[in-house]
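# Examination of the molecular architecture
If you want the building blocks of each chain, they are given just below.
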Amino acid sequence: MGDVPAKAVDPAEMRAAVQAVLPWLRGEADQPERPVLAAAVRLSLRTLEQIAPGRSVEVRVPPFAAVQCVEGPRHTRGTPPNVVETDPRTWLELATGGLAWADALDGARVTASGTRADISPLLPVVKF
């Protein structure tokens, strides 16, 4: 069974979804409603997937989404060898450039395992 390409993310839709959570990321508002937060996370992760197609790194942002990206050796079963995992706020801060990858690692806000798990060259996925 071949891979079915994901539907392309509309850049305007992704920007609008992420823009809706910016006040929260800046500390100017309470956490957005779950559907608003979920849309921002999912669309920004799918954008990362489009920017760096492949299946060698899995980026997980529970409870909302996980994507596989970055060219390289592909895993087929079990836990992938290259995994990035973080919470929704940290992901969105990384995705918008509000948090540097090194700072997220140093502050234990993201876990990255595997030789290809450094996704810093792909960040931010959207700029405001």
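Owing to the predicted nature of the structure, the values given are computational and were not obtained by experimental measurement.

### Overview of the environment of arginine 55
Locating arginine 55 in the fold gives a position in the loop between α3 (34–51) and β1 (57–61). With a relative accessible area of 31%, arginine 55 lands in the partly exposed category. Remark: the alpha-carbon pair of arginine 55 and glutamine 68, spanning 13 residues in sequence, is separated by 4.8 Å. Within polar-contact distance, the side chain of arginine 55 engages the side chain of glutamine 68 at 2.6 Å.

### Let's talk about the nonpolar core
One finds Val41, Leu45, Val59, Val84, Trp91, Leu92 and Ile119 to be the most contacted residues of the largest nonpolar core, which totals 38 residues. If you list the elements that add at least two residues to this core, you get α1 (11–19), α2 (22–25), α3, β1, β2 (65–69), α4 (88–96) and α5 (101–106). For this core, the element with the most residues is α3, which contributes 7 residues. In this view, valine 84 contacts Val57, Glu58, Val59, Arg60, Trp101, Val110, Thr111, Ala112, Ala117 and Ile119; residues no more than four positions away in its chain are not counted.

### Overview of the sheet that holds strand β4 (residues 110–113)
Spatially, β2-β1-β3-β4 is the arrangement adopted by the 4 strands of the open sheet, whose pairing is mixed. Sheet topology places β2 and β4 at the edges, where each strand pairs with a single neighbour. Recorded for the sheet is a direction-independent mean angle of 10 degrees between the axes of neighbouring strands. Contacts from α3 reach β1 and β2, with the element oriented near 5 degrees to β2.

### Thoughts on the packing of α3 against α4
Closest axis-to-axis distance for the α3/α4 pair is 10 Å, and the angle between their directions is 50 degrees. Judged by the angle between their axes, α3 and α4 are oblique. Here α3 runs over α4; the crossing is left-handed. Each of Leu37, Ala40, Val41, Ser44, Leu45 and Leu48 in α3 lies in contact with α4, whose residues at this interface are Pro88, Trp91, Leu92 and Ala95. Partitioned by chemical class, the residues of the contact of α3 with α4 number 9 nonpolar, 1 polar and no charged.

### Points about the environment of arginine 34
Mapped onto the fold, arginine 34 is located in helix α3. Along the backbone, arginine 34 and proline 11 are 23 residues apart, and their C-alpha atoms lie at a distance of 21 Å. Once residues within four sequence positions are removed from consideration, arginine 34 is found in contact with Pro63 and Phe64.

### Quick word on α4
With 8 of 9 residues buried, α4 lies mostly within the body of the structure. Where α4 is concerned, the buried positions are Pro88, Thr90, Trp91, Leu92, Glu93, Leu94, Ala95 and Thr96. In this structure, the buried residues of α4 make contact with α1, α2, α3, β1, β3 (83–86) and α5. Where α4 begins, the side chain of aspartate 87 points an oxygen toward the backbone nitrogen of arginine 89, at a separation of 3.1 Å. Once α4 finishes, glycine 97 follows within two positions and takes phi at roughly 85 degrees, a positive value.

Analysis parameters
- Residues numbered from 1 in each chain as written.
- Predicted model: local features only at pLDDT ≥ 70, side-chain atom pairs only at ≥ 80, totals over all residues.
- Heavy atoms only, no water.
- Helix = DSSP H or I, 4+ residues; strand = E, 2+ residues; numbered from the N terminus.
- Buried < 20%, exposed > 50% of the residue type's maximum accessible area, 1.4 Å probe, protein only.
- Polar contact = N/O pair within 3.5 Å; in protein donor to acceptor, adjacent residues only side chain to side chain.
- Core = buried A, V, L, I, M, F, W, Y, C linked by side-chain atoms within 4.5 Å.
- Contact = heavy atoms within 4.5 Å.
- Pairing = 2+ DSSP bridges.
- Axes fitted to C-alpha atoms, helices over the stretch in contact; angles between N-to-C directions.
- Parallel < 35°, antiparallel > 145°, perpendicular 65-115°, else oblique.
- Left-handed = near helix turned anticlockwise from the far one by under 90°.
- Nonpolar A, V, L, I, M, F, W, Y, C, P; charged D, E, K, R; others polar.

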